[in-house]
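Working through the structure, step by step
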Amino acid sequence: MGEFDGLAALVTGGGSGIGLATATLLAERGARVACLDVSPPGDPFFGVKADVTDDAAVRTAVTAAAEHLGGLDILVNNAGIGAAGTVEQNPDEEWFRVLDVNVVGMARVTRAALPYLRASGHAAIVNTCSIAATAGLPNRALYSASKGAILSLTLAMATDHLADGIRVNCVTPGTADTPWVQRLLAAAPDPAAERHALEQRQPMGRLVSAEEVATAIAYLASPSASSTTGTVLAVDGGMHGLR
Ligand code: NAD
């Protein structure tokens, strides 16, 4: 028996990295899983293709997922994009784009999923935030602002939907070894040296794995966390607490 037996989960950004690792883990533990992504995975998941900036597409995709799975008990709001730069360097269009994906996208998916989550009676939402929300990372002004908003949104949603029987929490990954980070490293003049330097900046001397973040998300989504709502679980290799 898996701890998610009988439960249905929707994971956004489920086509890669942390989202794919989370979908895989939830399925291994018994959940029926749908992945919403611009590039959704195939079997064993029910992939629904949508861009979280497109409200109509999100509504169609969430409805298709819920109908296919027979409801929704778990929503993992994980789709997100990055941005480098100080506050002087990102033009307005980039601010609107990143906030649209990372913050408004999360609100759109949640809005579409709420009727199904309310009907569950014991639902959980887990939002993928970031250490960037609270750590004052250099050269990440816009990205940090988007993740700060997700932290606040998590707390507000936890309060608003307590009476609906929906728990809402978030995880704050540190630098995680996903295709996103692998793409950034590959673009460096010396990827191996860049990776080594990045690892040396981590208190544990290594990056966090997507599976480690997925394990934390699965805990917060699970019946084991039945008294936990409005919390932030760090999966950052000690980056925040030990700096
Ligand atoms: P990733 O690029 O490997 O995966 C992100 C997925 O989101 C991709 O499948 C992509 O297609 C999807 N996606 C992007 N924009 C989308 C959109 N507009 N609509 C629908 N799907 C979209 O990245 P990852 O590292 O797994 O990141 C996942 C989440 O974790 C993000 O929210 C990111 O901010 C957060 N995070 C990552 C790290 C890290 O170091 N990798 C650290 C902290 C937080």
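Since we're looking at a predicted model, the values are computed, not measured. Each residue is numbered by its place in its chain's sequence as written, counting from 1. This being a predicted model, a pLDDT of at least 70 is required before a residue's local features are given, and a value of 80 or more before pairs of side-chain atoms are given or counted; all residues contribute to the totals for chains, interfaces and linings.

Brief notes about the packing of helix 1 (residues 17-28) against helix 8 (residues 210-221)
In helix packing, the relevant descriptors are the interaxial angle and the interaxial distance, both defined with respect to the helix axes. Note the following rule: As a rule, the C-alpha atoms of each element are fitted with a line to give its axis, helices using only the stretch in contact, and angles between N-to-C directions run from 0 to 180 degrees. Secondary structure elements are defined from DSSP: runs of H or I of at least 4 residues count as helices, runs of E of at least 2 residues count as strands, and each element is numbered from the N terminus. Any angle that falls under 35 degrees is termed roughly parallel, while one over 145 is termed roughly antiparallel, one within 65 to 115 roughly perpendicular, and all others oblique. Here a crossing is taken to be left-handed if its near helix is turned anticlockwise relative to the far helix by less than a right angle, and right-handed if that turn runs clockwise. The contact criterion used is a C-beta to C-beta distance within 7 Å, with each C-beta placed from the backbone. Nonpolar residues are Ala, Val, Leu, Ile, Met, Phe, Trp, Tyr, Cys and Pro. Charged residues are Asp, Glu, Lys and Arg, and all others, Gly as well, are polar.
Relative orientation of the contacting elements helix 1 and helix 8 amounts to 55°, with a least axis distance of 8 Å. Here helix 8 runs oblique to helix 1, going by the angle between their axes. For the pair helix 1 and helix 8, the sense of crossing is right-handed. Here helix 1 contributes Gly17, Ile18, Ala21, Thr22, Leu25 and Leu26 to the contact with helix 8, which in turn contributes Ala210, Glu211, Val213, Ala214, Thr215, Ile217 and Ala218. Of the residues assigned to the contact of helix 1 with helix 8, the class counts are 9 nonpolar, 3 polar and 1 charged.

Describing the site of the ligand
Operational definition: Nearness between a residue and a molecule or strand is assessed with a C-beta atom placed from the backbone; a distance within 6 Å qualifies.
Surrounding the ligand, one finds 27 residues, the nearest of these being Gly13, Ser16, Gly17, Gly80 and Thr178. Residue assignment for the shell around the ligand shows that the elements contributing at least two residues are helix 1, helix 3 (92-120) and helix 6 (179-186). Split into classes, the residues belonging to the shell around the ligand amount to 11 nonpolar, 14 polar and 2 charged.

Quick look at unusual backbone geometry
Glycine aside, a negative phi is what most residues show, and trans is what most peptide bonds show. Convention followed: The exposure scheme places C-beta atoms from the backbone and then counts, for each residue, the other C-beta atoms within 10 Å of its own, assigning buried at 20 or more, exposed at 12 or fewer, and partly exposed in between.
Put simply, Asp43 and Pro44 share a cis peptide bond, and its omega is 5°. Note that Pro44 resides in the loop between strand 2 (32-37) and strand 3 (46-49). Within the chain, Asn139 stands out as a residue other than glycine whose phi angle is a positive 60°. By the C-beta count within 10 Å, which is 11 here, Asn139 ends up exposed.

Comments concerning the confidence of the model for the protein chain
Quick note on the threshold: The predictor attaches a confidence to each residue, and that confidence, scored 0 to 100, is pLDDT.
Per-residue confidence for the protein chain gives a mean pLDDT of 97, with 100% of residues at or over 70. The least confident element of the protein chain is helix 9 (residues 239-242), whose mean pLDDT is 80; the most confident is strand 4 (residues 74-77), at 99. The ipTM assigned to the predicted complex is 0.99, against a pTM of 0.98.

Digging into the environment of Met239
Within the secondary structure, Met239 is located in helix 9. Judged by local crowding, Met239 falls into the buried class, with 21 C-beta atoms found within 10 Å. Sequence separation between Met239 and Ile131 is 108 residues, and the spatial gap between their C-alpha atoms is 8.0 Å. Once residues lying within four places of it in the same chain are set aside, the contact partners of Met239 are Ile131, Ala135, Gly174, Gln202 and Pro203.

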